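# Observations on the three-dimensional arrangement
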Amino acid sequence: PPRPATRVLLLGDSGMVDASPAIAAMFEASGATVEGAAAPGFGLSQLGLYQTWPPYPERWPPVIERFQPDLSVVMLGVWDLNYVKDHSVEDYVAMVEDALSVLTAGGGRVLWVAAPPGGYDVQVVNQVYREVADRHPGVMYFADVGWSLLGPEGGYPISYVGNDGAVVHLRKGDGWHFCPDGAQRLATVLGASATARGLTAPAEPGWESGGWRRS
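Definitions and limits used
Residues numbered from 1 in each chain as written. Predicted model: local features only at pLDDT ≥ 70, side-chain atom pairs only at ≥ 80, totals over all residues. Heavy atoms only, no water. Helix = DSSP H or I, 4+ residues; strand = E, 2+ residues; numbered from the N terminus. Rg over C-alpha atoms; globule rule 2.2 N^0.38 Å. Buried < 20%, exposed > 50% of the residue type's maximum accessible area, 1.4 Å probe, protein only. Expected span 1.5 Å × (residues − 1). Pairing = 2+ DSSP bridges. Axes fitted to C-alpha atoms, helices over the stretch in contact; angles between N-to-C directions. Contact = heavy atoms within 4.5 Å. Parallel < 35°, antiparallel > 145°, perpendicular 65-115°, else oblique. Left-handed = near helix turned anticlockwise from the far one by under 90°. Nonpolar A, V, L, I, M, F, W, Y, C, P; charged D, E, K, R; others polar. Salt bridge = Lys/Arg side-chain N within 4 Å of Asp/Glu carboxyl O. Core = buried A, V, L, I, M, F, W, Y, C linked by side-chain atoms within 4.5 Å.

### Here we look at the overall build of the protein
Across its full length, the protein carries 6 helices and 7 strands. Along its sequence from the N terminus, the protein presents helices and strands in the succession β-α-β-α-β-α-α-β-α-β-β-β-α. In terms of overall size, the protein behaves like a compact globule, its C-alpha atoms giving a radius of gyration of 17 Å where 215 residues would be expected to give roughly 17 Å. Expressed as lengths along the three principal axes of its C-alpha atoms, the size of the protein is roughly 50 × 40 × 30 Å. Burial analysis of the protein (215 residues in total) assigns 51% to the buried set.

### Observations concerning helix H4 (residues 89–103)
Across its 15 residues, H4 extends 21 Å between first and last C-alpha, which sits within 8% of the 21 Å expected from 1.5 Å per residue. Residues Tyr-92, Val-93, Met-95, Val-96, Ala-99, Leu-100, Val-102 and Leu-103 constitute the buried set of H4.

### Let's talk about the sheet that holds strand S1 (residues 7–12)
Overall, parallel pairing links the 5 strands, which are arranged S2-S1-S3-S4-S5 in an open sheet. Only two strands of the sheet have a single partner each, and these edge strands are strand S2 (33–36) and strand S5 (140–143). Across the sheet, the axes of successive neighbouring strands diverge by a mean angle of 20 degrees, strand direction being ignored. Pairing analysis gives 5 bridges linking S1 to strand S3 (residues 71–75), with the strands arranged parallel. Paired with Leu-11 across the two strands is Val-74, which belongs to S3. Sitting on the sheet, H4 is in contact with S1, S3, strand S4 (109–113) and S5, with an inclination near 135 degrees to S4. Along the sheet, helix H5 (residues 123–135) makes contact with S4 and S5, crossing S5 at roughly 145 degrees.

### As for the packing of helix H1 (residues 14–28) against helix H6 (residues 180–196)
Relative orientation of the contacting elements H1 and H6 amounts to 45 degrees, with a least axis distance of 8 Å. One finds that H1 runs oblique with respect to H6. Handedness of the H1/H6 crossing: right-handed. When H1 is examined against H6, the residues Asp-18, Ala-19, Ala-22, Ile-23 and Met-26 are found in contact with a partner set consisting of Ala-183, Gln-184, Leu-186, Ala-187, Leu-190 and Gly-191. A breakdown of the residues in the contact of H1 with H6 according to their chemical character gives 8 nonpolar, 2 polar and 1 charged.

### Things to note about the packing of H4 against H5
Angle between the axes and distance between the axes: these two values describe a pair of packed helices. Two elements in contact, H4 and H5, have axes whose closest approach is 10 Å; the angle formed by their N-to-C orientations is 50 degrees. Of the possible angle classes, the one that applies to H4 and H5 is oblique. The element H4 and its partner H5 pack so that their crossing is right-handed. Here H4 contributes Val-89, Tyr-92, Val-93, Val-96, Glu-97 and Leu-100 to the contact with H5, which in turn contributes Val-124, Val-125, Val-128, Tyr-129, Val-132 and Arg-135.

### Some remarks on the pattern of salt bridges
This model, assessed by the stated rule, comprises 5 salt bridges. Notably, a salt bridge pairs Glu-35 with Arg-66, separated by 2.3 Å at the nearest N-O pair. Taken as a pair, Glu-35 in strand S2 and Arg-66 in helix H2 (residues 56–67) lie far apart in primary sequence, 31 residues in all. Residue classification places Arg-66 among the exposed residues on the basis of a relative accessible area of 54%. Across the pair Arg-213 and Asp-181 runs a salt bridge, and its minimum N-O distance is 3.1 Å. Of the two residues, Arg-213 sits in the segment after H6 while Asp-181 sits in helix H6, which places them 32 residues apart along the sequence. Among the residues examined, Arg-213 registers a relative accessible area of 29% and is labelled partly exposed.

### Points about the nonpolar core
Core analysis: the biggest nonpolar cluster contains 37 residues, and Leu-44, Trp-60, Tyr-92, Trp-112 and Tyr-129 have the highest contact counts within it. Sorting the residues of this core by element identifies S1, H2, helix H3 (81–86), H4, S4, H5 and S5 as the ones contributing at least two each. If you tally residues by element for this core, the top one is H4, at 8 residues. If near-sequence neighbours (up to four positions away) are discounted, Tyr-129 is found in contact with Leu-76, Gly-77, Asp-80, Tyr-92, Val-96, Trp-112, Met-140 and Phe-142. In this structure, Leu-10, Tyr-141, Phe-178 and Leu-199 belong to the second largest nonpolar core, which totals 33 residues.

If you want it as structure tokens, here you go:
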């Protein structure tokens, strides 16, 4: 089995920016050192709406060389949907394969989180991530944790009222970005997935209500 990670790098788009405080707190509670390097509008194929050059070959290597992660956690995909539409699934598979080679150049492993549901049809990119992970056992792992954002009556609500009468705020007003409650739920399920695969030690209880909620 793999050795539990002690240096964890978080990469992705604005969804990961929102989720990073909770994910970082969870991994830190397992004893790991965490660095966040996610950025809004980040895709493998473009940055935001207008820049259509792949940013990861230039953006990731300096961070990886400096931080030396033994586990990189990636969550993105929305900004790559147009690339898949305009090119092909096979072209995007090649791009993900190349990104994986960049991330693992120093020997680290990759935990690729499914693009979260809600507002976008992300099935095509998530299937690519799953297939690439299947090609690289022990190197890349795929975690589909979108079900952590389901409401009690199904669907992916922005918020709902729990059994105790308290409002649970999962997503921001756009229905996609995360509130602390949603980020916590995603991080909890992600941590369970990573622990079950031996990628991280179990997180000590209490991180869920830490100061990250005020960041």
